[in-house]
Amino acid sequence: MNRFFIDSEDINEEDGTAVIRGEPVKHISRVLRMRIKDPLIIADGQGNSYLCEINEIGREQVLASIKEKLIKRKETFLDLVLCQALTKGEKMDFIIQKSTELGVKKIIPFTAERSVVRISVDKARDRVNRWQKIAKGAAEQSHRDRIPEVGAITSLESILMENQDTGPVLFLWEQEEKRGLKEVLKENPDIKKVLLLVGPEGGFTLQEAELALSQGAVSVSLGPRILRTETAAAAAVTMVLYELGDLGEADGK
Ligand code: SAH
């Protein structure tokens, strides 16, 4: 079933109507060639989704009537934030897409010392907007109720400063030899928010590791093999959501 995110002010639960505007209109009429009475799912991106039926297809907007508010939760309760060091173009797109499908709540891109990509301030906004579109597309494809927010490009320092007491900050450290992610997750079964820090292709520097630890982060290993940054991001998100979230559970739960 086709799913579209629209602004919540275009959804009126009282009179059971919804208005789709902008680019999805052409997609509905020209690409999908949908008709009056065809069913579709509309979501507001904040966790509410509705089974709807098309009433009218215009050039600028599609009118739909709400048949049923969908209750089945597509969102895990765990607030998982992926802080990803800037990597080369398509890798970043991949990381945004896969972490969205898997269920992250927010993605914060940051410039690490070894990030080869340097994005100028004026280009940064365009990049973040592009990543936000990728997150929206992945959220629609994976039937999520919520679109993860892609934050503004920031620095490791500010991430650490702003997340002193919001839940474990896990620094994925390829040189960590004592503590594994599995053990940290098993020791903290009741955490509600987790922040993951993933380094760039070139890895984190010792200074970055020392800074993170000095600011209360916990360095963890993902295992004996060195993963590419895009693999590490997807694997760590999967491990956390399998252990503490809803990954691996049946849909009906
Ligand atoms: N180029 C480096 C590896 C960088 S991998 C080297 O060859 O040593 C990119 C990022 O993925 C790392 O900074 C780290 O955040 C994460 N990562 C990869 N493998 C990991 C592992 N086994 N344990 C913890 N983090 C890992």
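Residues numbered from 1 in each chain as written. Predicted model: local features only at pLDDT ≥ 70, side-chain atom pairs only at ≥ 80, totals over all residues. Heavy atoms only, no water.

This brings us to the site of the ligand. Taken together, 19 residues lie near the ligand, and L172, G199, E201, L222 and R225 sit nearest. Measuring from a nitrogen atom of the ligand, one finds a backbone N or O atom of E201 at 2.8 Å. In this structure, G223 approaches the ligand through a main-chain N or O atom, which is 3.0 Å from a nitrogen atom. Contact with the protein chains covers 83% of the free accessible surface of the ligand, which is 560 Å². Here the residues of the shell around the ligand are counted per class, giving 10 nonpolar, 6 polar and 3 charged. (Near = heavy atom within 4 Å. Polar contact = N/O pair within 3.5 Å; in protein donor to acceptor, adjacent residues only side chain to side chain. Areas by Shrake-Rupley, 256 points an atom, 1.4 Å probe, with all protein chains shown as cover. Nonpolar A, V, L, I, M, F, W, Y, C, P; charged D, E, K, R; others polar.)

Our next topic: the sheet that holds strand β2 (residues 11-12). Within a beta sheet, neighbouring strands are joined by backbone hydrogen bonds and run either parallel or antiparallel to one another. Pairing is mixed across the open sheet formed by 6 strands, whose spatial order is β1-β4-β5-β6-β3-β2. Of all the strands in the sheet, the pair left with one neighbour each is β1 (3-5) and β2. Sheet analysis places strand β4 (residues 39-43) next to strand β5 (residues 49-57), joined by 5 bridges and oriented antiparallel. The residue of β5 that forms the bridge with A43 is S49. Strand contacts of helix α1 (residues 23-31): β1, β3 (17-21), β4, β5 and β6 (61-70), with the helix running at about 95° to β3, the strand carrying the most contacts. (Pairing = 2+ DSSP bridges. Helix = DSSP H or I, 4+ residues; strand = E, 2+ residues; numbered from the N terminus. Contact = heavy atoms within 4.5 Å. Axes fitted to C-alpha atoms, helices over the stretch in contact; angles between N-to-C directions.)

The biggest cluster of nonpolar side chains holds 32 residues, and the ones touching the most others in it are L80, L82, W131, V194, L196 and V240. Secondary-structure elements contributing two or more residues to this core are β7 (79-85), α2 (89-102), α3 (121-141), β11 (169-172), α5 (181-187), β12 (193-198) and α7 (229-244). In terms of residue count, the dominant contributor to this core is α7 (7 residues). In this structure L80 touches V104, K105, K106, V194, L196, V237, V240 and L241, once residues within four positions along its chain are discounted. In this structure, C83, L160, L197 and F204 belong to the second largest nonpolar core, which totals 18 residues. (Core = buried A, V, L, I, M, F, W, Y, C linked by side-chain atoms within 4.5 Å. Buried < 20%, exposed > 50% of the residue type's maximum accessible area, 1.4 Å probe, protein only.)

Taken domain by domain, the protein chain comprises domain 1 (3-70) and domain 2 (79-244). Summarising the inter-unit geometry, the C-alpha centres of domain 1 and domain 2 are found 33 Å apart. Taken together, the contact pairs 9 residues of domain 1 with 8 residues of domain 2. Summing both partners gives a buried area of about 760 Å² for domain 1 against domain 2, and 50% of it is carried by carbon and sulfur. Where domain 1 touches domain 2, the interface holds 1 salt bridge. (Domains from an automatic or database assignment. Buried area = accessible area lost by both parts, 1.4 Å probe. Salt bridge = Lys/Arg side-chain N within 4 Å of Asp/Glu carboxyl O.)

Further remarks concern the pattern of salt bridges. Tallying each qualifying case throughout the model produces 11 salt bridges. Between K106 and E149 there is a salt bridge; the shortest N-O distance is 3.8 Å. With K106 in strand β8 (residues 106-111) and E149 in strand β9 (residues 149-150), this pair connects stretches of sequence that are 43 residues apart. For E149, a relative accessible area of 42% gives the class partly exposed. Via salt bridges that share partners, K91, E201 and E230 belong to a single interconnected network.

Topologically, Q84 is positioned in strand β7. For Q84, a relative accessible area of 0% puts it in the buried group. Once residues lying within four places of it in the same chain are set aside, the contact partners of Q84 are M92, I95, I108, P109, F110, V198, G199, T229 and A233.

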